[in-house]
Amino acid sequence: MTNPFYDPYQILSKVYAEGAHLKIALAETPIEESRRAATVKTVYGVLENDGYFTHCIRTFAPKNPKQSARILLKIALYWIVVLKKSRFMVTDTAVDLCKRLGKGGMSGFLNAFLRAFDESAVSVPEGIEGLCMRSNFPRFAVEKIVAQYGARAENILLAKSRGVSVRFAQGREREYVSLPHTETPFHGVYLFERFRRDGGFDDGKYTFQSVGSVAICSIVAPCRKLLDACAAPGGKSVLLSETCEEVTACELHPHRVSLIRSYCERMGARNVTALQADSAQFRPEFENAFDGVLCDVPCSGLGTVAENPDLPLRKKEEDLAQLLETQRAILENCSRYVKAGGALYYSTCSILKEENDGVVGAFLKAHPSFFAEKVDCPLAHDRTEFGLQFLPDTAYGAGFYVCKLKNNVRI
């Protein structure tokens, strides 16, 4: 189908109606190659502005339209408001697709809405409500971030991704740095405005790895035996295999263990052993077995909204309590795997203090043999009581946390 709204509509329908993750929907939906870049830009743009476009629809629609109509309207609004395309072209395109999809009954509504829409008549409220609309964060998160970061909260919430993060194998970046890019403080890691995967990916010349992931790895000291306790998809394990002699990579779900193995094979990491294991459950053979243990625990992911604009659609405040319980359980259990004098690393991709210093502080109080060791990183960060907090407004749109806890037990 040649209608330029068709592919974005198919992808966004999976995200909104089926709860699919955006990146999975993009990977699994056939896309017209000549329009791939425009399609990706549209679906990301719609989700990044979801709160505002929902407010626009409520402002101009007499009653809440069906989901299929809302999705088409959000695509159209993105093209009108953000891309500044002709209202008449956008309206005709939306109505045409509506009819082609066999939904001609709502074409009159779409036509009337888009012709009547006036952006200047859309009033965005001040305060928390307005930040929710402009930032795309769920309300509970906005409230917490405002409470925790004060005047800086707006910059944190509105920060945008600086591009596609690519980490190159030694010396392989020379083939690609002619593309528009931003250098990061990490060797071989660049942010590209646009980067299309080619054969170099399969050949192990490069991989897609976030700046946050690389920054966390930069804190982990070289050692003989390292445990990556929550390892999928495997980026940290592969990178750390360059500085650690043996890496054991654990993951709860079998299909994600397969992802780690594939990642290692593609990037030539021969010293990584991937295992299926629940890192919240004790494994006797791991006790006091590792010089370093990295717990990159499941978290709210609220530091990654700029990269994953569909994430707020799935986040609920009541889920946070279960996440905190899981984080505490993993840190508690994995502390038993650290040798005397070894290091326990705790990290998240969250900007909420309760998931970061809050979890670490409670752990340290219960385990006086561990202490927080001061660490540093070349990427801009805030120093917290126990570790480093990276925030989206100064870390290329990404938010994450890491700390290093030393096991001071003497043999």
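In what follows, the structure referred to is the one given above.
Undergrad: So, the overall build of the protein: which residues are in play, and what are the values?
TA: A count of helical and extended segments in the protein gives 16 helices and 13 strands. For the C-alpha atoms alone, the extent of the protein along its principal axes is close to 80 × 45 × 35 Å. Looking at the protein as a whole, 53% of its 411 residues are labelled buried. Within the protein, contacts between residues at least 6 apart in sequence are counted, and of these 68% link residues at least 24 apart. Only carbon and sulfur atoms are counted for the fraction: they give 50% of the accessible area of the protein, which is about 18700 Å². Seen as two clouds, the 51 positive and the 48 negative side-chain charges of the protein have centres 3 Å apart.

Undergrad: Give a description of the sheet that holds strand S3 (residues 189-192) that names residues and reports values.
TA: If you trace the four strands from one edge of the open sheet to the other, you get S2-S3-S1-S4, paired in antiparallel fashion. The strands lining the two open edges of the sheet, one partner per strand, are strand S2 (181-183) and strand S4 (206-208). Each neighbouring strand pair of the sheet contributes to a mean axis angle of 30°, computed without reference to strand direction. Relative to S4, strand S1 (residues 164-168) is paired through three bridges, and the arrangement is antiparallel. Residue Val-166 lies in a different strand from S4, and its bridge partner there is Phe-208. Each of S1 and S4 touches helix H14 (residues 254-267); the most contacted strand, S4, lies at about 150° to it.

Undergrad: Break down unusual backbone geometry for me, with residues and values.
TA: A cis amide bond links Ala-232 with the next residue in sequence, Pro-233, at an omega value of 5°. Mapped onto the secondary structure, Pro-233 falls in the loop between strand S5 (225-228) and helix H13 (235-240). Phi is positive for Asn-136, close to 75°, though the residue is something other than glycine. When you line up the elements, Asn-136 lands in the loop between helix H8 (127-135) and helix H9 (139-149). Judged by relative accessible area, Asn-136 falls into the buried class, the value being 8%.

Undergrad: Before we move on, could you go through the nonpolar core and cite the residues and values that matter?
TA: Ile-145, Val-293 and Leu-344 are the most contacted members of the largest nonpolar core, which has 46 residues in total. If you list the elements that add at least two residues to this core, you get H8, H9, helix H10 (153-158), strand S8 (290-296), helix H15 (318-334), strand S9 (338-348), helix H16 (357-366) and strand S13 (400-407). Discounting chain neighbours no more than four positions away, the residues touching Ile-145 are Phe-137, Gly-150, Ala-153, Ile-156, Leu-157, Ile-351 and Leu-352.

Undergrad: Give me the lowdown on the packing of helix H6 (residues 87-100) against helix H7 (residues 107-116), citing residues and values where you can.
TA: At a closest axis distance of 9 Å, the pairing of H6 and H7 adopts a crossing angle of 165°. The pairing of H6 with H7 is recorded here as roughly antiparallel in orientation. For the element pair H6 and H7, the recorded crossing hand is right-handed. Within the contact between the two elements, H6 uses Arg-87, Phe-88, Thr-91, Asp-92, Ala-94, Val-95, Cys-98 and Lys-99 and H7 uses Ser-107, Leu-110, Asn-111, Leu-114 and Arg-115. For the contact of H6 with H7, a count of residues per class yields six nonpolar, three polar and four charged.

Rules behind the numbers
- Residues numbered from 1 in each chain as written.
- Predicted model: local features only at pLDDT ≥ 70, side-chain atom pairs only at ≥ 80, totals over all residues.
- Heavy atoms only, no water.
- Helix = DSSP H or I, 4+ residues; strand = E, 2+ residues; numbered from the N terminus.
- Buried < 20%, exposed > 50% of the residue type's maximum accessible area, 1.4 Å probe, protein only.
- Contact = heavy atoms within 4.5 Å.
- Areas by Shrake-Rupley, 256 points an atom, 1.4 Å probe, with all protein chains shown as cover.
- Lys, Arg positive; Asp, Glu negative; His and termini not counted.
- Charge placed at Lys NZ, Arg CZ, Asp CG, Glu CD.
- Pairing = 2+ DSSP bridges.
- Axes fitted to C-alpha atoms, helices over the stretch in contact; angles between N-to-C directions.
- Core = buried A, V, L, I, M, F, W, Y, C linked by side-chain atoms within 4.5 Å.
- Parallel < 35°, antiparallel > 145°, perpendicular 65-115°, else oblique.
- Left-handed = near helix turned anticlockwise from the far one by under 90°.
- Nonpolar A, V, L, I, M, F, W, Y, C, P; charged D, E, K, R; others polar.

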